[in-house]
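# Coordinates in review
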Amino acid sequence: IIPDSVTSIGDWAFYNCSSLTSVTIPDSVTSIGGSAFYRCSSFTSITIPDSVTSIGGSAFYNCTGLTSVTIGDGVTSIGDEAFSYCRSLTSITIPDSVTSIGSYAFYGCSSLESITLPFVGSSRTASGTYDAVFGYIFGSTSHSENRTVEQYYSSGNSRYYYIPSSLKKVTITDATQIPYGAFSCCRSLTSVTIPDSVTSIGLSAFYDCRSLTSVTIPDSVTSIGSSAFNGCNNLTAVYINDIAAWCAIDFDNSSANPLYYAKKLYYNGTLLTDLVIPQGVTSVGAYAFYSCTALTSVTIPDSVTSIGLSAFYDCRSLTSVTIPDSVTSIGLSAFYDCRSLTSVTIPDSVTSIGGSAFYGCSNLSDVWYSGNSRTVITIDSDNAPLTSATWHYNTCDANAHTYLSDCDASCETCEWLRNVKEGMHDFDWVVDDAGNCGVDGKKHEECSVCHEKRNENTPIPASGEHTYDNACDAECNVCEQVRETEHTYSNGWDADCNVCEEPREITYSGWALDGGKWYFYNNGTVVKNAWRKDSVGWVFLGKDGAMLTNAWCTDSQGWCYVGANGYAVTNCWKRDSVGWIWLNANGSMTKNAWVQDGGKWYFLNANGYMVANAWKKDSKGWVYLGSSGAMMTNAWVRDSVGWCYVGADGYAVTNCWKRDSVGWCYLNGNGSMTKSQWLYDGGQWYYLDANGYMVTGTRV
């Protein structure tokens, strides 16, 4: 517990305090220094109060046990590598108060599943630079447990980042833009939430996000850049809350619109099949409903004056369109490939129809035109379905059409079709099936004049409520209708039914999958903080009972590592931020011992890490461990003393001659070369020069 008198936690304050299990930071603290809690691997949670304004670089570096972080609303900056190698962290929320996030801030957070950020990249204003993309905060140095992602941040420019493979969900809370290439090539992301504050989505912002299945575009967005959703081929739904705002979005091209892949547009949570564009909208923008294949009808208000490029391109379920008198132009490819379109009503206010506006409308048979000749309209090329359809002209004088009734749609004189509005019909409800206790009835509305029907199959609630002996009873006591029901329990060891509270005997033992994680139960009790062995190997059940994966864990034997399948890794090397470790046959770290692997010998020190670039002495002599950690053989070695030679058995050669490509040298009692002195050997005197080589053919 840090006292209230402390105002700042200095650099390296708790460096390598690996036994520290908890920290309480008081409201008096305003800053946390660089490397303040570096490698404090034993504490699991930290709460940073609102009083703190800055978190220094590497502040929580390699806090491998940290599973929960709460950051106060006063923090404005997070330094480089602040939470690097927090391997147990599964989610984190960065408050809107933060204005800058350093590089590598979350590097090596290999268990991260979700993250909430105020913006994408290093700051709210970052755009078009390498620090303006999502991967920036995860770093550009290769990491085995992260996914390699090439992210584009401007035209022709990209950088590789290493984003956790486990990360699926991202929530942005306070940005005004989603920058160029922000989430490009993030193929593992399944969910990205865009806030109402965003007005623009940049070029290629979600390029190749192939695991996204849906996206919600807020009403605030006014522009979406070219290819923003290109490659998002698993999108199935686009959600909006304002049709007028959607019509006004400036889409750069067809793949800027997520409908290019999704095909289905949901308005206020309901699939949009009958589109009613609200009064006041003046233009249906380019690509607005591109490939919206679920649309069957469109109502355009008389406030609209233009229909943009490819506005209804490939709306293949659309059967008819009535264009109001206010429209003067229909853009290129506006109704391209609307193959179910059989009729279209065009007012005489239209003066131009763009090229391919009705190309591919193979079932278009009737055009209802309010003028008396289509020659006044400029119809551009590739509109054969339109020009070859039957045109119906308004040959009656203005307001001189005659109809059999107020709700008759066709003029008796010229067959001109009018839009019969709801108020012209006289609808009454007609009961089709009254239903009974157990089955709803059906009814529809029908005009008493023209017999047009609407709201068919509207349900009539059953005449009485079903009655059952209890909440889990399957048969109604009145009508004997059988419903599907069964006892429900929260889990395999829950004793009481959640519905009727009928008890059951629980003796469950074994494995159970719950929330995507495996647990082991012994007579209904979850086993925690323990190893468990099955036919494959050993797994470790964590403090909540869940089987750990891709994680370090410690027990009485020391540190062990469990892989992606949950089993303890054995008889192999594993590298962490410090160095290489050998996990032996029981999964624990080898310490103060030799290991033979791949025909080579290695030595692990007292901390369990591989020794490299160093001499090691045993009872027989000295051996040298090279840069790879392997004991060298039949090789020259240079250290601070000079050159030495290790033989086939790996030991330093002493008190003998050795020849290399230059000449003969003599390796003395400590294994180093004899230099600038006489040597008596085998009854003969020899002289070794300053480089350690035998002098021959020269007077000394």
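Each remark here, short or long, concerns the structure printed above.
To keep things clear, this report deals only with the structure shown in the data block. (Residues numbered from 1 in each chain as written. Predicted model: local features only at pLDDT ≥ 70, side-chain atom pairs only at ≥ 80, totals over all residues. Heavy atoms only, no water.)

### Quick look at the overall build of the protein
Inclusion rule: Strands here mean DSSP runs of E at least two residues long; helices mean DSSP runs of H or I at least four residues long; both are numbered from the N terminus. Atoms counted for the radius of gyration: C-alpha only. Globule rule: 2.2 Å times residue count to the power 0.38. What sets the accessible areas is the Shrake-Rupley method with a 1.4 Å probe; for residues, cover comes only from the shown protein chains. By the counting scheme adopted, Arg and Lys are positive, Glu and Asp are negative, and His together with the chain ends is not counted. One atom stands in for each charge, and that atom is NZ of Lys, CZ of Arg, CG of Asp or CD of Glu.
Across its full length, the protein holds 3 helices and 54 strands. The C-alpha atoms of the protein give 38 Å as radius of gyration, which overshoots the globular expectation for 700 residues (27 Å, by more than 25%). Projected onto its principal axes, the C-alpha positions of the protein cover 135 × 75 × 55 Å. By element, 45% of the accessible surface of the protein is carried by carbon and sulfur atoms, the whole surface being about 33,400 Å². Of the side chains in the protein, 39 bear a positive and 67 a negative charge, and the two mean positions are spaced by 20 Å.

### Observations concerning the sheet that holds strand β8 (residues 100-101)
Paired through backbone hydrogen bonds, the strands of a sheet run either parallel or antiparallel to each other. This is how it is decided: Any two strands between which DSSP finds at least two bridges are classified as paired.
The 5 strands lie next to each other as β1-β2-β4-β6-β8, forming an open sheet whose pairing is parallel. Since the sheet does not close on itself, it has two edges, and those belong to β1 (8-9) and β8, each with one partner. Two strands pair when backbone bridges link them, and β1 and strand β2 (residues 31-32) are joined in this way by 2 bridges, in the parallel orientation. Following the sheet pairing, Ser8 is matched in β2 by Ser31.

### Some points on the pairing of strand β42 (residues 558-562)
Where we set the bar: Burial here depends on accessible area, computed with a 1.4 Å probe over protein chains only, as a share of the maximum for the residue type. Under 20% is buried, over 50% is exposed, and the range in between is partly exposed.
Burial analysis of β42 places 4 of its 5 residues in the buried class, which makes it a mostly covered element. Here 5 bridges tie strand β41 (residues 551-555) to β42, and the two strands are oriented antiparallel to one another. What sits directly across from Cys553, in β42, is Cys560. The hairpin formed by β41 and β42 contains 2 residues between the paired strands.

### Considerations on the pairing of strand β46 (residues 600-604)
Here strand β45 (residues 593-597) pairs with β46 via 5 bridges, running antiparallel. Following the sheet pairing, Trp594 is matched in β46 by Phe603. Count of turn residues in the β45/β46 antiparallel hairpin: 2 residues, of which Gly598 carries a positive phi of about 60°.

### Some thoughts on the side chain of Glu445
What counts here: Any pair of nitrogen or oxygen atoms within 3.5 Å is treated as a polar contact; in protein, a donor-acceptor pairing is required on top of that, and neighbouring residues in sequence qualify only through side-chain atoms on both sides. Contact criterion: two residues are considered in contact whenever any of their non-hydrogen atoms come within 4.5 Å of each other.
Position of Glu445 among the secondary structure elements: in strand β34 (residues 441-447). At 2.8 Å, the side chain of Glu445 forms a polar contact with the side chain of Arg454. Reaching out from Glu445, the side chain makes a polar contact with the side chain of Asn455 at a distance of 2.6 Å. Ignoring anything within four residues of it in the chain, the contact list for Glu445 reads Phe427, Asp428, Trp429, Glu452, Lys453, Arg454 and Asn455.

### Some thoughts on the pattern of salt bridges
The line we're drawing: What counts as a salt bridge is simple: a side-chain nitrogen of Lys or Arg found within 4 Å of a carboxyl oxygen of Asp or Glu.
According to the stated counting rule, one finds 7 salt bridges in the structure shown. Here Asp208 and Arg187 are joined by a salt bridge, their closest N and O atoms 2.7 Å apart. Here Asp208 is found in the loop between β15 (200-201) and β16 (214-216), whereas its partner Arg187 is found in the loop between β13 (177-178) and β14 (191-193), with 21 residues between them in sequence. One salt bridge connects Arg454 with Glu445, and the closest N-O pair in it is separated by 2.8 Å. Overall, Arg454 belongs to the partly exposed group, its relative accessible area being 24%. Sharing partners across several salt bridges, the network here consists of Arg187, Asp208 and Arg210.

### Focus on unusual backbone geometry
Of note in this structure, Arg39 is not a glycine but carries a positive phi near 60°. By the element assignment, Arg39 lies in the loop between β2 and β3 (45-48).

### Looking at the nonpolar core
Stated precisely, the cut-off is as follows: Buried residues of nine kinds, namely Ala, Val, Leu, Ile, Met, Phe, Trp, Tyr and Cys, make up a nonpolar core once their side-chain atoms join them within 4.5 Å.
Ranked by internal contacts, the top residues of the largest apolar core, which has 125 residues, are Phe60, Phe183, Phe206, Phe289 and Phe312. The element that contributes the greatest number of residues to this core is helix α1 (residues 243-248), accounting for 3 residues. Each residue touching Phe289, except ones within four places of it in the same chain, is listed here: Trp246, Cys247, Asn257, Leu259, Leu265, Leu275, Val284, Leu295, Ala311, Phe312, Tyr313 and Cys315.

### Thoughts on the packing of aromatic side chains
Worth spelling out the cut-off: Aromatic rings from Phe, Tyr and Trp, taking only the six-membered ring of Trp, are treated as a pair when their centres fall within 6.5 Å; an angle between ring planes under 30 degrees marks them as stacked, one over 60 as edge-to-face, and anything in between as tilted.
This model, assessed by the stated rule, comprises 45 aromatic pairs. Relative to Tyr107, the ring of Tyr85 has its centre 5.4 Å away and its plane inclined at 90°; by these criteria the two rings are edge-to-face. Of this pair, Tyr85 sits in the loop between β6 (77-78) and β7 (91-93) while Tyr107 sits in the loop between β8 and β9 (114-117), and the two are 22 residues apart along the sequence. Here the two residues Tyr85 and Tyr107 agree in accessibility, since each one is buried. With a centroid separation of 5.2 Å and 70° between ring planes, the pair formed by Trp511 and Phe520 is classed as edge-to-face. The exposure class of Trp511 is partly exposed, given its relative accessible area of 28%. Accessibility expressed as a relative area gives 9% for Phe520, which makes it buried.

### With respect to the environment of Leu271
Locating Leu271 in the fold gives a position in strand β21 (residues 270-271). By relative accessible area, which is 32% here, Leu271 ends up partly exposed. As a C-alpha pair, Leu271 and Leu295 span 24 residues in sequence and 9.1 Å in three-dimensional space.

### Observations concerning the sheet that holds strand β25 (residues 306-307)
Taking strand neighbours across the sheet as the criterion, the 5 strands line up as β23-β25-β27-β29-β31 in an open arrangement whose pairing is parallel. A single partner strand is all that each edge strand has here, and the edge strands are β23 (283-284) and β31 (378-379). Here strand β27 (residues 329-330) runs beside strand β29 (residues 352-353); their pairing, made up of 2 bridges, is parallel. If you follow Ser329 over to β29, its bridge partner there is Ser352.

### Some remarks on the state of the cysteines
Note the cut-off: Pairs of cysteine sulfur atoms within 2.5 Å are what we label disulfides.
Tallying each qualifying case throughout the model produces 0 disulfides. Between Cys247, a cysteine without a disulfide, and Cys292, which holds the nearest cysteine sulfur, the sulfur-to-sulfur distance is 11 Å. The exposure class assigned to Cys247 is buried, which follows from its relative accessible area of 2%.

### Section: a negative patch on the surface
So the rule is basically this: Patches in this entry comprise residues that are over 30% relatively accessible and not in a salt bridge; like charges within 9 Å are linked, as are nonpolar side chains (Val, Leu, Ile, Met, Phe, Trp, Tyr) within 5 Å.
A cluster of acidic residues, Asp4, Asp27, Asp50, Asp73 and Asp96, forms a negative patch on the protein surface. With respect to the helices and strands, Asp96 occurs in the loop between β7 and β8.

### Comments concerning the environment of Gly621
Following the sequence through the fold, Gly621 ends up in the loop between β47 (614-617) and β48 (622-625). On the basis of relative accessible area, Gly621 is assigned to the buried category, the value being 14%. Apart from the residues within four sequence positions on either side, Gly621 is in contact with Lys616 and Tyr651.

### Some words on the side chain of Asp576
Note on placement: Asp576 falls in the loop between β43 (572-575) and β44 (580-583). For the buried Asp576, no salt bridge is present, and the opposite-charge side chain at shortest range is Arg87, 5.7 Å distant. Within the local environment of Asp576, its side chain forms a polar contact with the backbone nitrogen of Val578, the two atoms lying 2.8 Å apart. With sequence-adjacent residues up to four places away left out, Asp576 is seen in contact with Arg87, Trp552, Ile581 and Tyr609.

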